[in-house]
Amino acid sequence: MARYLGPKSKIARRFGEPIFGADKVLSRRNFPGVLERQFRNLFEKAAKADGITGEVLLQLLESRLDNVVFRLGIAPTRAAARQLVGHKHITVDGKVVNIPSFQVKPGMIVAVREKSKSLEVIEAALAGFNHSKYPWIEWDESAKGGKFLHMPERADIPENIKEQSIVELYSKN
């Protein structure tokens, strides 16, 4: 499995968007960075599914475990969320899952592992986070976890993404 380790700020400046997460160079919101092969597989899955391909693609990206952990406010950035998942600090329906690309289905409960609830990183991230931001997830403070209620609608996703351009690019091949 490969991961980009080069100069992230340089690429973010080139695109004018914080591709790899929050960056001091750019002051806009961050959005997920997924590797090319993973993205191609997600696109093919979205193309086969019923509905508008671009919206389905965004829904699949929003339902990744690392993204759900970020949206719940358990981690301050998507990279930190990916690391928390990889280090086995996150459970899905009571079972430890360490695969960041795990697809969370509606009704699943994503929570912090019992041993990890006192970690400084998690407590700091949860301290100042507004948990009612996203209508497709529900936060439970006592369990330090949340329920993935349903797939998000396109209007609910705050990122400025032109999914039609993505569909046009990937449909050529």
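Residues numbered from 1 in each chain as written. Predicted model: local features only at pLDDT ≥ 70, side-chain atom pairs only at ≥ 80, totals over all residues. Heavy atoms only, no water.

1. Structural notes on the side chain of K117
Within the secondary structure, K117 is located in the loop between β3 (109-112) and α6 (120-127). For K117, the side chain forms a polar contact with the side chain of E114, separated by 3.4 Å. Residue contacts for K117: discarding those within four places in its chain leaves V112, E123, S142, A143 and K144. (Helix = DSSP H or I, 4+ residues; strand = E, 2+ residues; numbered from the N terminus. Polar contact = N/O pair within 3.5 Å; in protein donor to acceptor, adjacent residues only side chain to side chain. Contact = heavy atoms within 4.5 Å.)

2. Brief notes about the sheet that holds strand β2 (residues 95-96)
Taken together, the five strands give an open sheet; going across it, the order is β2-β1-β3-β5-β4, and neighbouring strands pair in antiparallel fashion. Of all the strands in the sheet, just β2 and β4 (137-140) have a single pairing partner and so form its edges. (Pairing = 2+ DSSP bridges.)

3. A closer look at the packing of aromatic side chains
Evaluation of the coordinates by the stated rule reveals three aromatic pairs. Ring geometry for F39 and Y170: centres 5.2 Å apart, planes at 55°, overall tilted. A residue pair is termed long-range when its members are at least 10 positions apart, and F39 in helix α2 (residues 36-48) and Y170 in helix α7 (residues 163-171) qualify at 131 residues. Y170 gets classed as buried once you look at its relative accessible area, which sits at 8%. Centre to centre, the rings of Y134 and W136 are 5.2 Å apart; their planes meet at 45°, and the pair counts as tilted. (Phe/Tyr/Trp six-rings, centres within 6.5 Å; stacked < 30°, edge-to-face > 60°. Buried < 20%, exposed > 50% of the residue type's maximum accessible area, 1.4 Å probe, protein only.)

4. Remarks on the environment of F39
A relative accessible area of 14% means that F39 is categorised as buried. Linking F39 and Y170, residues 131 residues apart in sequence, is a C-alpha distance of 9.9 Å. Apart from the residues lying within four places of it in its own chain, the contact partners of F39 are V34, L57, L61, I166 and Y170.

5. Things to note about the confidence of the model for the protein chain
Interpreting fine coordinate detail is not advised for predicted regions of low pLDDT. Of the residues in the protein chain, 88% reach a pLDDT of 70 or more, and the chain-wide mean stands at 86. Taken together, the stretch residues 28-32 has pLDDT below 50 and engages in 22 contacts with residues farther than four places along the chain or on a different chain. (pLDDT = per-residue confidence, 0-100.)

6. Side note on unusual backbone geometry
The backbone phi angle of K88 is positive, close to 65°, even though this residue is not glycine. Within the secondary structure, K88 is located in the loop between α5 (78-86) and β1 (90-92). Assessed through its relative accessible area of 41%, K88 is described here as partly exposed. Residue K144 is not a glycine yet carries a positive backbone phi of 50°. Along the chain, the position of K144 falls in the loop between β4 and β5 (145-148).

7. Quick look at the pattern of salt bridges
Enumeration according to the criterion identifies seven salt bridges in this entry. One salt bridge connects R71 with E62, and the closest N-O pair in it is separated by 2.7 Å. An identical accessibility class is assigned to R71 and E62; each is buried. We note a salt bridge from K117 to E114, for which the minimum N-O separation is 3.4 Å. What you see here is one network of salt bridges that share partners, running through E62, R71, R78 and E159. (Salt bridge = Lys/Arg side-chain N within 4 Å of Asp/Glu carboxyl O.)

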